[in-house]
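Structural overview
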Amino acid sequence: MPTALENIETVARLEQEFLERRTLIDRVGDAVGAFVGTMTFVVLHVVIFFVWIAVNLRLIPGIPAFDPYPFLLLGMVVSIEGVLLTTFVLMKQSRMSLRADRRNQLNLQIDMLSEREITKMLQMLTQMCAQMGLQETAYDQEVRELSENTAVDMLADELNKKIPD
């Protein structure tokens, strides 16, 4: 279990470092993007729209209408807000994609290292089996194939040929 806890600590540290490297603009964008996806944001907008429409239909006495029906100012404000919010959300998605790409690159490096380690262990186990007289196990066809070094470049090329963009 200590290894798992160390791994959790490492992942948490990497995530914290990623968050700390963000610029002020990135942090503001992330905060706006996070707020937009909440129920509080939805409720706030419903209340604002309801009050705006009620005031401008003169349903609230004592408050003069400033954007009479068909609420052109409201339409313009909502359009501008939509453009800005879309931009914030796209910025956040771009950063999330960058973070995911970095994680994938790290995973690839670890997977390639693990593959080399496992291949080496299989080679060592095959030699041990041969020395112990376990010929059937030592010379098993599947074990021999798995004990060969994996040509990652060749596999990547083959995958690119078989799977279209």
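It should be emphasised that the depicted structure is a prediction, and the values quoted were computed from it without experimental measurement. (Residues numbered from 1 in each chain as written. Predicted model: local features only at pLDDT ≥ 70, side-chain atom pairs only at ≥ 80, totals over all residues. Heavy atoms only, no water.)

Looking at the overall build of the chain
Looking only at helices and strands, the chain has seven helices and zero strands in total. In terms of overall dimensions, the chain is more spread out than a globule: its C-alpha atoms have a radius of gyration of 30 Å, far above the 15 Å expected for 165 residues. C-alpha extents for the chain along the principal axes are approximately 100 × 40 × 25 Å. Within the span of the chain, comprising 165 residues, buried residues form 15% of the whole. Put simply, 51% of the contacts in the chain that link residues at least 6 apart link residues at least 24 apart. Looking at the chain as shown, the accessible area adds up to about 13,200 Å², and 66% of this sits on carbon and sulfur atoms. Across the chain, the 15 positively charged side chains and the 22 negatively charged ones have centroids separated by 8 Å. (Helix = DSSP H or I, 4+ residues; strand = E, 2+ residues; numbered from the N terminus. Rg over C-alpha atoms; globule rule 2.2 N^0.38 Å. Buried < 20%, exposed > 50% of the residue type's maximum accessible area, 1.4 Å probe, protein only. Contact = heavy atoms within 4.5 Å. Areas by Shrake-Rupley, 256 points an atom, 1.4 Å probe, with all protein chains shown as cover. Lys, Arg positive; Asp, Glu negative; His and termini not counted. Charge placed at Lys NZ, Arg CZ, Asp CG, Glu CD.)

Brief notes about the environment of lysine 162
With respect to the helices and strands, the residue lysine 162 is situated in helix α7 (residues 152-162). Lysine 162 gets classed as exposed once you look at its relative accessible area, which sits at 60%. Considered as a pair, lysine 162 and threonine 40 are 122 residues apart in the sequence and their alpha carbons are 47 Å apart.

Considering the side chain of aspartate 67
On the secondary structure map, aspartate 67 appears in the loop between α3 (39-56) and α4 (72-131). A distance of 3.0 Å separates polar atoms of two side chains, one belonging to aspartate 67 and the other to tryptophan 52. Here leucine 72 takes part through its backbone nitrogen, which lies 3.2 Å from a polar atom of the side chain of aspartate 67. Setting aside chain neighbours within four positions, we find aspartate 67 in contact with Trp52, Asn56, Leu72, Leu73 and Leu74. (Polar contact = N/O pair within 3.5 Å; in protein donor to acceptor, adjacent residues only side chain to side chain.)

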